Amino acid sequence: MSEQVEWSDPEVPTPSVPAAVTPADAADAARLVAFGLQPKLQPARDQEYAELLRRYREDPPFARLADAVAAGLGLVVLEVSPRAGMAVTAAEDSVFAVRMGDYARRTSADGSDRFLHGLAHLAVAAMAFPRPEDLADDGYIGRISVNGVDAFVRQACRRLEERAEEIGENTDPATDAPGLEAAWRIWARRSAAGATKDARRLAGSTTGIVGKAAAFLTDSGFLQRTGDDNGGTYRTTARYQLQVRDMAGSAAMAELLELGVVPVTDGTPTLLPAEAGDDLELAADAGLPFHS
């Protein structure tokens, strides 16, 4: 007598249902973004921050949630890592965006200074990371000084003047004209330092403008002050490298680097020697991108 074998369909696995986002998850994601908005805070010195970064890297749904929170605030996530923390930059329509006009007005009511402050930030970025490979190397640290940046810009001004003379253009621009050509004569005519009655440099001098830019970048967690020589010396941070990567494609920065004022050999930015008879003193070991 043969036994009857009953056949049944194989069991189909039930598709996994993603866990629902809880208010606690949303709060943690927002907390991580809030940490990212504190640029001086280092993950290694804050256990909660380090734990949220670990969760971001290991929990993809949480990472997507944090990215969405950032996007909702008009922030662009540049990198999330132990070295940089949650590095974010503000989109143009973000409430966190810093505008060059607002920044310049804090320092001076003179409208032409807007270009000088913008050029100072551009020059700091160009001197800190003069080569594409410097931006690509996570371990690279740029070093600048206030006097060095001012000397760099003044040499760039001379290059722009020579280039203008070669093509026979009248390059004495109106103060509201855009681009480097609009700023170089203004910078070249401005006093490098000047001094107040108590020997402090004038805020409206070119070294005063570079010093303002360096102080702002330091307060923003992009530079770290390392000394007082040459008007103040600074080193770059991982966050600043990420910011400059984000702005590296700008036409103005490319134009500044193409002037050839910053020759590089071993990765250390240096200045070209001054021309014979030039009384400009060059300093050895010589930005936030802004929305217009």
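This report concerns the structure included in the present document. (Residues numbered from 1 in each chain as written. Predicted model: local features only at pLDDT ≥ 70, side-chain atom pairs only at ≥ 80, totals over all residues. Heavy atoms only, no water.)

**As for the overall build of the protein chain**
Phase 1 of the analysis: If you tally the helices and strands in the protein chain, you get 11 helices and five strands.
Phase 2 of the analysis: A total of 292 residues make up the protein chain; the buried ones form 42% of that total.
Phase 3 of the analysis: With the model as given, the accessible surface of the protein chain reaches about 15900 Å², and the carbon-plus-sulfur share is 52%. (Helix = DSSP H or I, 4+ residues; strand = E, 2+ residues; numbered from the N terminus. Buried < 20%, exposed > 50% of the residue type's maximum accessible area, 1.4 Å probe, protein only. Areas by Shrake-Rupley, 256 points an atom, 1.4 Å probe, with all protein chains shown as cover.)

**Points about a nonpolar patch on the surface**
Phase 1 of the analysis: Where nonpolar side chains cluster on the molecular surface, the patch consists of L37, L73, V95 and F96 and spans about 350 Å² of accessible area.
Phase 2 of the analysis: Checked against the element boundaries, L73 lands in the loop between α3 (60-72) and β1 (75-81). (Patch = residues over 30% accessible without salt bridge, like charges linked within 9 Å, V, L, I, M, F, W, Y side chains within 5 Å. Salt bridge = Lys/Arg side-chain N within 4 Å of Asp/Glu carboxyl O.)

**With respect to the pairing of strand β4 (residues 223-227)**
Walk down a regular strand and you will see the side chains alternate between the two sheet faces.
Phase 1 of the analysis: Across four bridges, the pairing between β4 and strand β5 (residues 233-236) is antiparallel. Bridging across to β5, Q224 finds its partner in R235.
Phase 2 of the analysis: Linkage of β4 to β5, two consecutive antiparallel strands, is achieved through a turn of five residues, within which N230 is found at a positive phi near 55°. (Pairing = 2+ DSSP bridges.)

**So, unusual backbone geometry**
Phase 1 of the analysis: The backbone of N230 shows a phi angle near 55°, a positive value even though the residue is not glycine.
Phase 2 of the analysis: Mapped onto the elements of the fold, N230 is located in the loop between β4 and β5.
Phase 3 of the analysis: Residue N230 is classed as partly exposed on the basis of its relative accessible area, which comes to 33%.

**Observations regarding the side chain of T89**
Phase 1 of the analysis: Following the sequence through the fold, T89 ends up in strand β2 (residues 85-90).
Phase 2 of the analysis: T89 sits in the buried class, given a relative accessible area of 12%.
Phase 3 of the analysis: A distance of 3.4 Å separates polar atoms of two side chains, one belonging to T89 and the other to Q243.
Phase 4 of the analysis: Setting aside residues up to four positions removed in sequence, T89 forms contacts with G74, L75, V76, L78, Q243 and D246. (Polar contact = N/O pair within 3.5 Å; in protein donor to acceptor, adjacent residues only side chain to side chain. Contact = heavy atoms within 4.5 Å.)

**Brief notes about the packing of aromatic side chains**
Phase 1 of the analysis: The tally for this structure, following the rule as stated, stands at four aromatic pairs.
Phase 2 of the analysis: Taking 4.7 Å as the distance between ring centres and 20° as the angle between the ring planes, the aromatic pair formed by F35 and Y49 counts as stacked. Taken as a pair, F35 in helix α1 (residues 23-36) and Y49 in helix α2 (residues 47-58) lie far apart in primary sequence, 14 residues in all.
Phase 3 of the analysis: Y49 sits in the buried class, given a relative accessible area of 0%.
Phase 4 of the analysis: Where F129 meets Y140, the ring centres are 5.9 Å apart and the plane angle is 50°; that geometry is what we call tilted. (Phe/Tyr/Trp six-rings, centres within 6.5 Å; stacked < 30°, edge-to-face > 60°.)

**Thoughts on the packing of helix α7 (residues 146-167) against helix α9 (residues 206-219)**
Phase 1 of the analysis: Orientation of α7 relative to α9, taken along the N-to-C sense of each, is 120°, at an axis distance of 9 Å. Classified by the angle between their axes, α7 and α9 sit oblique to one another. Between α7 and α9 the crossing geometry is right-handed. Contact with α7, carried on its side by V146, N147, V149, D150 and R154, involves T206, T207, V210 and G211 of α9 and no other residues of that element. (Axes fitted to C-alpha atoms, helices over the stretch in contact; angles between N-to-C directions. Parallel < 35°, antiparallel > 145°, perpendicular 65-115°, else oblique. Left-handed = near helix turned anticlockwise from the far one by under 90°.)

**Focus on the packing of helix α5 (residues 113-128) against helix α10 (residues 238-247)**
Phase 1 of the analysis: Where α5 contacts α10, the two axes come as close as 11 Å, and the packing angle between them is 110°. Relative to α10, the element α5 is oriented roughly perpendicular. Taken together, the residues of α10 that come into contact with α5 (itself represented by H121, L122, V124, A125 and A128) are Y240, V244 and M247.
Phase 2 of the analysis: In terms of residue class, the contact of α5 with α10 is built from seven nonpolar, one polar and no charged. (Nonpolar A, V, L, I, M, F, W, Y, C, P; charged D, E, K, R; others polar.)

**Points about the pairing of β5**
Phase 1 of the analysis: Where strand β3 (residues 143-145) and β5 come together, three bridges link them in antiparallel fashion. Looking at β5, one finds that R143 is bridged to R235.

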